[in-house]
Amino acid sequence: MGIVVCLEEFLLEKRPGFFRRFFGGLWNGLNFTRQLVFNLVFLFILIAIVASIFSGGEGKIREKTTLVLDIKGEIVDQYSGSPADVALSRALGEEVPETQLRDVVKALEEAAKDDNITQVLIHLNGFGGAGVSTLREVGRAIDAFQTSGKKVITYGEFIDQTGYYLAAHGDAVYMHPEGMVLLEGLGRYRNYYRSALEKFGVTMHVFRVGRYKSAVEPYLLDGPSDDARDADRYWLNDVWSVFLADIAKARNLDVAGLSAMIDELPQRLAAVEGNLAQLAIDEKLVDGTKTPDELRAMLIESGARDDDKESTFRQVALQSYVKRFPAPMPLPGSKHVGVIVAAGAIQSGSQPQGTIGGKSTSDLVRRAREDENIKALVLRVDSPGGSGFDSELIRREIELTKAAGKPVVVSMGDLAASGGYWISMTSDVIYAEPTTITGSIGIFGLFPDASQTLDKVGLHTEGTTTTWLAGALDPRRALDPRVGEMLQTMINAGYQDFIGKVASSRGKTKEQIDAIGQGRVWSGTQAKERGLVDEIGGLTDAIADAAKRANLSDYKVVYVEKEPSGFEAFVASMTARISAGIANSVGSAYVPSFLRSSQRELQRELKLLEGWEQQPLRTYAYCFCDIR
C-alpha cells in the first residue's frame, strides 16, 4: 500500500514536467519545420530573383518572329484589382481574365517598327469580348500596323461577333473546319422583378425624374415600358449600323448583304446542309478553314520555325512582348499628359481598380493637378454612373484642375452615361466614339419595404420613438408617406442640379438640357448632334488634343493610378521579372455570354442595394445600358 501511494505521489509530482517536456518537444519540432519551410521558400524566391536579374529578363526577339495577340478575357481600360494581384497571378501561372487596351495598342505600335516581327497572329480562342467602342480602338490599331506592310492573320474556332469585329481587320481570316462565325445583332435584356417581389411581399418604392429613366422599371414592371423600348431601339440601331459598316469596310462587303445574311440565316444554313464553316466561306466572312496544325505550318512558312519546339512557329506572346516597353519613369522637368481611368460603377469612399470611388478617384485627379510634370489631363470614362453625391465629388476636382490652368479632356469609352456623364461634363472638351453609350441625364432613388414579407411569417416590428422620423427608414416598417414626399423632393432637386450643371458646362439653358435629358440614352453620334459631346474620336485623339491645349510637342503619356505600397510594388516588379519569357498558352474557360451578362447585371443590382444600405437617402445617377 505504501509503495502504491509513493508511486502515485511520484507520478503526480512529476506529471507537470512530463507534459511540459512532451508538448515542449512537439512545439520545438513544429517550430523547426515552420522555419525550414519558410527558409526554403525564401531561398527559392531569392534564387529566382537573382536568376532573373542575371539572365537579363526578356530574351532578344529573333528575326522572323510572329507576335501573337492571345487576348485573354475582356479588353478593358484598366485591370480590376491591384497591379500586384495581376503580376502575382501571372507568376503563378494563373489566368488573368482581362487584357488592357493600352497593352494591345502598344504592342501593335512597337511591332510595326520592330524589324524582327514579321507578322501578327490574332488568336481569338480566349477572347472574352469588349464594348463596340473598345473594339473600334483596337481595329484602328490593327489598321495602323498594316501600313507597315506586315500581315495580320486572325484565327478562331468559335467566333462571336465581338471576336469577328477584330478578325475582320486581318489580312486573312481563318477558322476551324468544325467551328463557326456568328453575327447576331445587338440587344439589351434585363431581369424584371415586380412579380417576384409581389410573391415575397416586398414593395419597392421608386422615386425618379425622367420619362426615360428606365433603370428603375424592373422594380415596377414585368417588361420595359413603350418609352424605354423606343428609346433603346433608337440608339441600338445607330450603334449597330456603325458596327456593320466597320465590318463591311474591313472585309470589302456590303452592309445590306450582311443584314440579309442574318435575316435569312436559317435558309442559308440549310442550303449548306448545316455546315457553318462553309456558310462563313460562302458569305466571305472568312478566307478559309485550318486546323491548329495547319495554321502552325502556314505560320512557319511565312515566318520561321521555333528554335526550341520544331512543331510550331517562332513567336512571342502579347504580355511577354509588351513588358519590353515599360511606362516612362517620371524625371524632373519632363512633360507628361496624365491619363486617369474612371471605369465601373461610381461608389463612395476608396474603391479598387474596376470601380470608381468618390474619394479614390478624386484623389487621383488631385494628384495629377499637383504633379508639376503633368501638364494636361485626360479622363478616360467607362461608367454607367452610380452615386450622385460621389459623382459630384469627382466633377468638382475636375473643375478645380481646370481652374489651376491644366487642360482636362474627357475620352468616353464604351459607356459614359448618367453619373458617367456627370463626371465628364465640366471638362474642356468631350470626345466620344460614334458607338459610345452616353446621356441618361436623370436620377432616381429606391426604398424597399419588407413589412408585408415579415407579416407573411408572423413577424412584426414595433417600438417607441421620440419623433415620427426615428426609425422611419427601417425597411421592416411600411414607408411613411412623409418620407416618400421627402425623397421625391430630394430627387427633384437633384435633377435640377444635374441639368443646371450640364447647361452651364455645355453653354445651354436648363430647358434645352431637360428636353434632351429626362434619362434618355444616346449614341455618341446622337449626343454630338445634341451638343452633349464635342468631338467624335478615341483615346488617342483625346490625348493629342490635351497635349495641344497644353502646348506640348515632346511629351510622354503616363497613367495616373493608385500608388501601390512598397511591398505591392516589390511583388509586382519581381513577379513580373520571374515570369518573364514564360508563354501563357492556356485559353480561358468558356462561359456562355448569357451567363456573363446575367452575372454582370446581378453585380450591378447588388451594388445599388449596397449603396442604399450605407445611406438610405442616397440618390442615383445610374444607367443600365451596357451591351457588352
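Summary of the structure given here. From a predicted model like this one, the values you see are computed outputs, not experimental measurements.

Some words on empty space enclosed by the protein
Within this structure, the stated rule accounts for 3 cavities of 30 Å³ or more. Along the wall of the second largest cavity there are 15 residues; nearest its centre are Y212, S214, G519, V521 and C623. If you tally residues by element for the lining of the second largest cavity, the top one is helix α8 (residues 226-251), at 3 residues. Tallied by class, residues from the lining of the second largest cavity come to 9 nonpolar, 3 polar and 3 charged.

Overview of the sheet that holds strand β7 (residues 172-181)
Overall, parallel pairing links the 6 strands, which are arranged β9-β7-β6-β4-β1-β10 in an open sheet. At either margin of the open sheet sits one strand with a lone partner, and together these are β9 (288-289) and β10 (315-317). Sheet analysis places strand β1 (residues 65-70) next to strand β4 (residues 117-123), joined by 6 bridges and oriented parallel. Considered in β4, the bridge of T66 is made with Q119. In the packing of helix α4 (residues 132-146) onto the sheet, the strands contacted are β4 and β6 (151-159), and the crossing angle to β6 comes to about 145°.

Here's the deal with the sheet that holds strand β2 (residues 73-76)
The strand order β3-β2-β5 describes an open sheet built from 3 strands, whose pairing is parallel. Since the sheet does not close on itself, it has two edges, and those belong to β3 (98-100) and β5 (127-129), each with one partner. In this sheet, adjacent strand axes meet at a mean angle of 40° when their direction is disregarded. Inspection of the sheet shows β2 paired to β5 by 2 bridges, in the parallel sense. Residue pairing for β5: E74 is matched across the bridge by G129.

Some thoughts on the nonpolar core
Counting residues in hydrophobic clusters, the biggest one holds 58 residues, and the most contacted among them are L67, L69, Y164, L166 and L285. Ranked by residue count, the leading element in this core is α8, at 8 residues. By size, the runner-up hydrophobic cluster in this structure holds 47 residues, among which are A472, A527, V560 and A621.

Overview of the side chain of K290
With respect to the helices and strands, K290 occurs in the loop between β9 and α12 (292-302). Buried charge without a partner: K290 forms no salt bridge, and the closest opposite charge is E294, 5.7 Å away. The residues touching K290, leaving out its near neighbours within four places in the chain, are Y155, Y174, M175, H176, P177, L295 and M298.

Here's the deal with helix α15 (residues 388-403)
Taking 1.5 Å of rise per residue, the 16 residues of α15 would be expected to cover 22 Å, and the 23 Å separating its terminal C-alpha atoms lies within 8% of that figure. Turning to α15, its buried residues are G388, D390, S391, I394, R395, E397, I398 and T401. The N-cap of α15, judged by a side-chain oxygen 3.4 Å from the amide nitrogen of F389 a few residues on, is S387. A positive backbone phi angle near 95° is found at G405, which sits one or two residues after α15.

Regarding the packing of aromatic side chains
Taken as a whole and assessed by the stated rule, the structure comprises 6 aromatic pairs. Pairing Y234 with W522 gives two aromatic rings, centres 6.3 Å apart and planes at 85°, and the pair type is edge-to-face. Within this pair, whereas Y234 is found in helix α8, its partner W522 is found in strand β20 (residues 521-523), the two being separated by 288 residues in sequence. Using a relative accessible area of 5% as the deciding quantity, one classes W522 as buried. One residue, R520, lies across the ring of Y212, its end atom 4.9 Å from the ring centre. The ring of W522 is capped by R530, whose NZ or CZ atom sits 4.1 Å from the centre of that ring.

Concerning helix α18 (residues 481-506)
The end-to-end C-alpha distance of α18 is 37 Å, a good match for the 38 Å that 26 residues give at a rise of 1.5 Å each. Along α18, the residues that are buried comprise V483, G484, L487, I491, G494, Y495, F498, I499, K501, V502, A503 and R506. The N-cap residue of α18 is D480: its side-chain oxygen and the backbone nitrogen of R482 are 2.8 Å apart. Two residues or fewer past α18, G507 is found with a positive phi of approximately 70°.

Comments concerning the pattern of salt bridges
Applying the stated criterion across every chain, the model contains 32 salt bridges. Across the pair D246 and R136 runs a salt bridge, and its minimum N-O distance is 2.8 Å. Taken as a pair, D246 in helix α8 and R136 in helix α4 lie far apart in primary sequence, 110 residues in all. By relative accessible area, D246 is classed as buried at 16%. Salt-bridge contacts for D480 lead to R482; the nearest nitrogen and oxygen are separated by 3.0 Å. Accessibility expressed as a relative area gives 41% for R482, which makes it partly exposed.

Some remarks on the environment of R477
Locating R477 in the fold gives a position in the loop between α17 (451-456) and α18. For R477, the residues in contact, after removing those within four places along its chain, are D449, S451, T461, A470, G471 and A472. Only 3.1 Å separates the side chain of R477 from the backbone oxygen of G471, close enough to count as a polar contact.

Observations concerning unusual backbone geometry
The phi torsion at S440 lies on the positive side, around 55°, for a residue other than glycine. Within the fold, S440 resides in the loop between β18 (437-439) and β19 (443-449). Residue S440 is classed as buried on the basis of its relative accessible area of 2%. At Q518, a residue that is not glycine, the phi angle is positive and equals roughly 55°. Mapping Q518 onto the fold places it in the loop between α19 (510-516) and β20.

Considerations on the environment of R369
Relative to the assigned elements, R369 resides in helix α14 (residues 358-370). Along the backbone, R369 and G405 are 36 residues apart, and their C-alpha atoms lie at a distance of 9.2 Å. Once residues lying within four places of it in the same chain are set aside, the contact partners of R369 are E397, L400, T401, A404 and K406.

Rules used throughout
Residues numbered from 1 in each chain as written. Predicted model: local features only at pLDDT ≥ 70, side-chain atom pairs only at ≥ 80, totals over all residues. Heavy atoms only, no water. 1 Å grid on protein atoms, 1.4 Å probe; cavity = no way out; pocket = protein on both sides within 12 Å on 5 of 7 lines; lining within 4 Å. Points joined across faces, edges and corners; volume = space filled by probe spheres on them. Helix = DSSP H or I, 4+ residues; strand = E, 2+ residues; numbered from the N terminus. Nonpolar A, V, L, I, M, F, W, Y, C, P; charged D, E, K, R; others polar. Pairing = 2+ DSSP bridges. Contact = heavy atoms within 4.5 Å. Axes fitted to C-alpha atoms, helices over the stretch in contact; angles between N-to-C directions. Core = buried A, V, L, I, M, F, W, Y, C linked by side-chain atoms within 4.5 Å. Buried < 20%, exposed > 50% of the residue type's maximum accessible area, 1.4 Å probe, protein only. Lys, Arg positive; Asp, Glu negative; His and termini not counted. Salt bridge = Lys/Arg side-chain N within 4 Å of Asp/Glu carboxyl O. Expected span 1.5 Å × (residues − 1). Polar contact = N/O pair within 3.5 Å; in protein donor to acceptor, adjacent residues only side chain to side chain. Phe/Tyr/Trp six-rings, centres within 6.5 Å; stacked < 30°, edge-to-face > 60°. Lys NZ or Arg CZ within 6 Å of the ring centre and 35° of its normal.

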